[in-house]
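# Coordinate inspection notes
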Amino acid sequence: MKKTRLAGGLFIILLLATSGCITFQQKKGSVSPGEFYYNTTFKTAKSVILLPVTLNYQDTKQFIFDTGAQINLIQRDSMIGKVSEWTGASKRKMELGFETTASLKIGSVEFQNTKSGNADMVGLKEQIENFGGLIGQPIISKANWLIHYPAREIEMSNKHLADDSFQSIKIIRKGGHPFVEVEVLGKKYKAIIDLGSTSVFSIPDDHPLANDVLNRYEFHDNGRSVYTLGGLQLIQEKVGQLPSVKIGNMEFSDIKTDIRTSSRLRIGMPFFKDYIIYIDNINGDYKIKSGASE
């Protein structure tokens with residue numbers, strides 16, 4: 001049985017695999033029509049974005065928008081396709097099916113023959129009404145996305161959607177994932193931008209930064225139930241607040257931070273809760289601006 005690494009977010013599953021293989025899989029599939037624009041409102045669940053997506057010309061279900069997912073993930077009561085064992089960031093394991101999904105349609109825009117994992121996500125499906133799964137990089141990488149998080153609105157197009165009022169964030173692509181360089185306590189690290197995570201800023205407990213912040217700031221122990229690979233589990237973490245996290249020439253203040261078992265440094269959706277986010281797949285970067293006055 002093939003074993004592939006799978007990273008787990010705080011609330012939803014995030015997929016990882018060998019970079020050469022997964023980036024090839026992400027490119028598969030197409031978009032119809034060739035030129036498109038669509039805008040809609042969205043709901044949230046524990047801060048992550050939920051979009052209505054029609055699966056294979058049948059029912060429309062709620063899907064999590066997840067930049068940290070290297071492939072899509074479909075909720076199925078029974079797995080289909082080739083089954084592989086995947087290992088999560090919490091070191092739990094789970095079998096997933098692998099499929100080519102004929103159609104995932106968001107409004108008037110159809111993503112055809114993209115790659116997806118599938119499984120029965122017990123513990124998560126009960127938390128989101130009419131849950132269908134998540135959309136990951138095989139779909140996200142095929143469009144530009146303007147996310148007005150404070151207004152709960154999203155636009156998608158094959159053309160530019162942002163103007164010069166946005167500040168650019170340089171993205172480092174690795175294994176099909178969007179990473180950004182962050183600066184904490186005068187040191188620079190790579191962190192994944194994971195909009196499928198409910199963490200604000202998450203530090204792995206074995207990361208060098210964990211000791212640095214624990215020695216300098218006050219953190220306290222916390223236990224909670226989260227959904228990771230394999231279902232719900234009770235985790236133990238340390239939670240506190242960092243006075244400053246820098247991304248490029250932008251400084252973000254009073255950042256809620258957790259330290260727990262995890263695969264990598266992670267920036268989650270709540271980090272940008274007051275911003276308009278532009279995922280620019282034409283120029284290969286992210287852009288943000290304050291959404292307070294919009």
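Position numbers for residues count from 1 along each chain, tracking the sequence in the order it is written. In keeping with the model being predicted, local features are shown solely for residues with a pLDDT of at least 70 and side-chain atom pairs are shown and tallied solely at 80 or more, while totals for entire chains, interfaces and linings include all residues. In computing side-chain values, all of the structure's heavy atoms are included and hydrogens and water are not.

It is worth spelling out unusual backbone geometry at this point. Across the junction of S32 and P33, the peptide omega takes the value 0°, indicating a cis bond. Only DSSP runs of H or I covering at least 4 residues are called helices, and only runs of E covering at least 2 are called strands; the numbering of each starts at the N terminus. With respect to the helices, strands and loops of the structure, P33 is situated in the loop between β3 (30-32) and β4 (37-41). Despite not being glycine, K46 has its phi angle at roughly 50°, a positive value. Within the element layout of this structure, K46 appears in the loop between β5 (43-45) and β6 (48-55).

Working definition: with a 1.4 Å probe on protein chains only, accessible area under 20% of the residue-type maximum means buried, over 50% means exposed, and in between means partly exposed. Those residues of helix α3 (residues 208-216) not exposed but buried are L209, A210 and V213. Looking straight down α3, one finds that the buried residues subtend no more than 105° of arc, so they occupy a single side. Exposed side chains of α3 directed beyond 90 degrees from the buried face belong to P208 and N215. Its buried side turned inward, α3 meets β17 (177-184), β18 (187-194), β19 (201-204), β21 (231-247) and β22 (250-260). Starting at the helix axis, one direction is taken to each C-beta atom, and the arc is that of these directions. Note on definitions: a residue-residue contact is assigned when non-hydrogen atoms from the two residues lie within 4.5 Å.

Before going further, it helps to examine the nonpolar core. Residues F65, W145, I147, V182, F201 and F272 are the most contacted members of the largest nonpolar core, which totals 54 residues. For F272, the residues in contact, after removing those within four places along its chain, are Y149, I169, I193, L195, I267, I277 and I288. In this structure, A45, A119, I128 and Y227 belong to the second largest nonpolar core, which totals 15 residues. Here, nonpolar core means buried Ala, Val, Leu, Ile, Met, Phe, Trp, Tyr and Cys residues that are tied together by side-chain atoms lying within 4.5 Å of each other.

Attention shifts here to the pairing of β22. As paired strands, β19 and β22 are joined by four bridges and run parallel to one another. If you follow P204 over to β22, its bridge partner there is R260. Between any two strands, pairing holds if DSSP finds at least two bridges. Looking at chain direction, β21 and β22 are connected through nine bridges and run antiparallel. Bridging across to β22, V245 finds its partner in F252.

A separate point is the environment of K238. Take K238: it is sitting in strand β21. Dropping the residues within four chain positions of it, K238 is found in contact with L214, F219, H220, D221, T257, D258 and I259. Within the structure, K238 has its side chain in polar contact with the side chain of D221 (distance 2.7 Å). Within 3.5 Å is the distance limit for a polar contact, defined as a pair of N or O atoms, with the added protein rule that one can donate a hydrogen and the other accept it, and that residues adjacent in sequence qualify only through two side-chain atoms.

Another aspect to go through is the sheet that holds β4. Sheet architecture is open: six strands sit in the order β4-β14-β13-β24-β25-β15, paired in antiparallel fashion. Sheet topology places β4 and β15 (167-169) at the edges, where each strand pairs with a single neighbour. Sheet twist, expressed as the mean angle between neighbouring strand axes with direction ignored, is 15°. Relative to strand β14 (residues 153-157), β4 runs antiparallel, the two being bridged by five bridges. What sits directly across from T41, in β14, is E153. The convention used is that axes are lines fitted to C-alpha atoms, helices contributing only their stretch in contact, and that angles between N-to-C directions extend from 0 to 180 degrees.

The predictor rates its confidence in each residue with pLDDT, a number between 0 and 100. Taken residue by residue, the chain gives an average pLDDT of 88. The fraction at 70 or more is 89%. Across residues 1-20 the pLDDT falls below 50, and counting only partners more than four positions away or on other chains, this stretch makes 92 contacts in the model.

Every case where a carboxyl oxygen of Asp or Glu lies within 4 Å of a side-chain nitrogen of Lys or Arg is listed as a salt bridge. According to the stated counting rule, one finds 12 salt bridges in the structure shown. In this structure, K159 engages E35 in a salt bridge whose closest nitrogen and oxygen atoms are separated by 3.8 Å. Separated by 124 residues along the polypeptide, K159 in the loop between β14 and β15 and E35 in the loop between β3 and β4 bring together distant segments of the chain. One salt bridge connects E99 with R76, and the closest N-O pair in it is separated by 2.8 Å. Here the residue E99 occupies a position in strand β10 (residues 93-106), and R76 occupies one in the loop between β8 (72-75) and β9 (82-87), the gap between them amounting to 23 residues. By relative accessible area, which is 8% here, E99 ends up buried. In this structure, a network of salt bridges that share partners links the residues D77, D120 and K125.

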